Amino acid sequence: MIGVGLGLVLGIGLFCIWWSFWPRPESASPPRKAGLVSRLSDELVQAGYDAVTPRSLLGACVMAFAVTLVVCVATTRVIPIALCFALMAGYAPLLLVRMRARRRRAVMRDLWPDVVDNIGSAVRAGLALPEALSQLTIRGPEELRPAFAAFAEDYRATGRFQECLDRLKERLSDPVADRLIESLRIAREVGGSDLGRLLRTLSTFLREDARTRAELETRQGWTINAARLAVAAPWIVLAMLSTRPGSLQAYSQPAGVLVLIIGAALSLVAYRVMVRVGRLPEEGRVLR
């Protein structure tokens, strides 16, 4: 009986040794894509509306849609036209947030090189990374001081650098900030004397990227303005016609409804195509 047990143990051991020569390939997980809520949260933070949640923004869109629909129905007595203007009004809060976020991203793009230079100067002066980030509360750009002040308070309260970096990344919600924070995280974990060189290289790259994007956006701005004017012109004419009730009765017929649907679809497609052609692609948060 003992011999059977020893043979069984020996067989299991040999099988484990043989199995170790055939490692299972690790399945590469697909990159996680940001959902609608995450994108709205990032855009709200980038627009400066930190206290507004995505649910509140969507609620404002629904409220604007409902109010505009009621007002237009009571004014024009034509439901298809009221729906068109209500859809525009419902999209207006989201459009406002995205426009403001895009404008603030352009402003921040010019500020990040100064932030990197300040951190590099503090590191060369002998400050630790948490202190180098905390001193940006005083020496950093005015728009970014509240986020770094919150980081300094978190670090004084907890002393956990990694968790404070994660909170700082959430407060900034910026692709450039993600790159900078991850670079500082790696430098903190592995150490080394190349942090100053890394920061100088990053600062130079950010300045060249901001200068190039500014030149291209200046040249392509007319395309965006032309797209907006071309899309807005027919609907402005329709709004002017709304002041004459007799001229709107044709749009309550099936043929008029079909004209509105085709016009709205063509306007949307043409605007999206022109914006996609004329606007530079925005950098996504890869290091979320």
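Residues numbered from 1 in each chain as written. Predicted model: local features only at pLDDT ≥ 70, side-chain atom pairs only at ≥ 80, totals over all residues. Heavy atoms only, no water.

Points about the packing of helix α9 (residues 175-190) against helix α10 (residues 195-241)
And step 1. Running from amino to carboxyl end, α9 crosses α10 at an angle of 170°, the nearest separation of the two axes being 11 Å. For the element pair α9 / α10, the angle class is roughly antiparallel. On α10, the residues that touch V176, R179, L180, S183, L184 and A187 of α9 are L195, L198, L199, L202, F205 and L206.
And step 2. Partitioning the contact of α9 with α10 into residue classes produces ten nonpolar, one polar and one charged. (Axes fitted to C-alpha atoms, helices over the stretch in contact; angles between N-to-C directions. Helix = DSSP H or I, 4+ residues; strand = E, 2+ residues; numbered from the N terminus. Parallel < 35°, antiparallel > 145°, perpendicular 65-115°, else oblique. Contact = heavy atoms within 4.5 Å. Nonpolar A, V, L, I, M, F, W, Y, C, P; charged D, E, K, R; others polar.)

Let's talk about unusual backbone geometry
And step 1. One non-glycine residue, S173, lies in positive phi territory at about 50°.
And step 2. Among the secondary structure elements, S173 is positioned in the loop between α8 (161-172) and α9.
And step 3. A residue is classified by how much of its surface remains accessible, and S173, at 3% relative accessible area, is buried. (Buried < 20%, exposed > 50% of the residue type's maximum accessible area, 1.4 Å probe, protein only.)

Concerning the packing of aromatic side chains
Where two aromatic rings form a pair, the distance of their centres and the angle of their planes describe that pair.
And step 1. Under the counting rule described, the total for this entry stands at three aromatic pairs.
And step 2. Taken together, a centroid distance of 6.3 Å and an interplanar angle of 90° make the contact between Y155 and F161 edge-to-face.
And step 3. Connected via pairs of aromatic rings, a cluster forms that spans F151, Y155 and F161. (Phe/Tyr/Trp six-rings, centres within 6.5 Å; stacked < 30°, edge-to-face > 60°.)

Let's talk about a nonpolar patch on the surface
And step 1. On the surface, M63, V67 and V71 cluster together into a nonpolar patch covering about 290 Å² of accessible area.
And step 2. You can see M63 is positioned in helix α3 (residues 54-76). (Patch = residues over 30% accessible without salt bridge, like charges linked within 9 Å, V, L, I, M, F, W, Y side chains within 5 Å. Areas by Shrake-Rupley, 256 points an atom, 1.4 Å probe, with all protein chains shown as cover. Salt bridge = Lys/Arg side-chain N within 4 Å of Asp/Glu carboxyl O.)

Some words on α8
And step 1. Counted at 1.5 Å a residue, the expected span for α8 with its twelve residues is 16 Å, and the 16 Å between its end C-alpha atoms agrees.
And step 2. Those residues of α8 lying buried are F161, C164, L165, L168, K169 and L172. For α8, the angular spread of buried residues about the axis comes to 145°, placing them on one side.
And step 3. Where α8 is buried, its residues touch α2 (36-47), α4 (79-124), α5 (129-134), α7 (145-158) and α9. (Expected span 1.5 Å × (residues − 1). Arc of directions from axis to C-beta.)

Regarding the environment of E143
And step 1. Within the element layout of this structure, E143 appears in the loop between α6 (136-139) and α7.
And step 2. You can call E143 partly exposed: its relative accessible area is 43%.
And step 3. For E143 and G48, which are 95 residues apart along the polypeptide, the C-alpha to C-alpha distance reads 9.7 Å.
And step 4. The contacts of E143, once residues within four sequence positions are left out, are M108 and L111.

Things to note about α9
And step 1. Compared with an ideal rise of 1.5 Å per residue, which puts 16 residues at 22 Å, α9 spans 23 Å between its outermost C-alpha atoms and is within 8% of the ideal.
And step 2. Restricting attention to buried positions, one finds in α9 the residues P175, V176, A177, D178, L180, I181, E182, S183, L184, R185 and A187.
And step 3. In the core, the buried residues of α9 are packed alongside α2, α4, α5, α8 and α10.
And step 4. One side-chain oxygen of the residue at the start of α9 lies 2.9 Å from the amide nitrogen of V176, identifying that residue as D174. (Polar contact = N/O pair within 3.5 Å; in protein donor to acceptor, adjacent residues only side chain to side chain.)

Looking at the packing of α2 against α4
And step 1. Contact geometry for α2 and α4: axes closest at 7 Å, N-to-C directions at 60°. With respect to each other, α2 and α4 are oriented oblique. Classified by chirality, the crossing of α4 by α2 is left-handed. Taking contact as the criterion, the partners of L40, E43, L44, V45, Q46 and A47 in α2 are, on α4, L94, V97, R98, R100, A101, R104 and R105.
And step 2. The residue inventory of the contact of α2 with α4, partitioned by class, reads seven nonpolar, one polar and five charged. (Left-handed = near helix turned anticlockwise from the far one by under 90°.)

Regarding the environment of Q46
And step 1. The residue Q46 is located in helix α2 in this model.
And step 2. Residue class for Q46 comes out buried when judged on its relative accessible area of 9%.
And step 3. Between the C-alpha atoms of Q46 and L172, which are 126 residues apart in sequence, the distance is 7.2 Å.
And step 4. Once you skip the residues sitting within four places of it in the chain, Q46 turns out to touch A101, R104, R105, L172, S173, D174 and P175.

Some words on the pattern of salt bridges
And step 1. One pass over the structure, following the stated rule, counts ten salt bridges.
And step 2. A salt bridge links K169 to E182, with the nearest nitrogen and oxygen atoms 2.3 Å apart. With a gap of 13 residues between them, K169 in helix α8 and E182 in helix α9 connect regions that are remote in the sequence.
And step 3. Judged by relative accessible area, which is 7%, K169 ranks as buried.
And step 4. A relative accessible area of 19% places E182 in the buried class.
And step 5. The closest approach of N and O atoms between E182 and R185, which form a salt bridge, is 3.2 Å. Residue E182 and its partner R185 are located together in helix α9, separated by three residues, close to a single helical turn. Each of the two residues, E182 as well as R185, counts as buried.
And step 6. Sharing partners across several salt bridges, the network here consists of D166, K169, E182 and R185.

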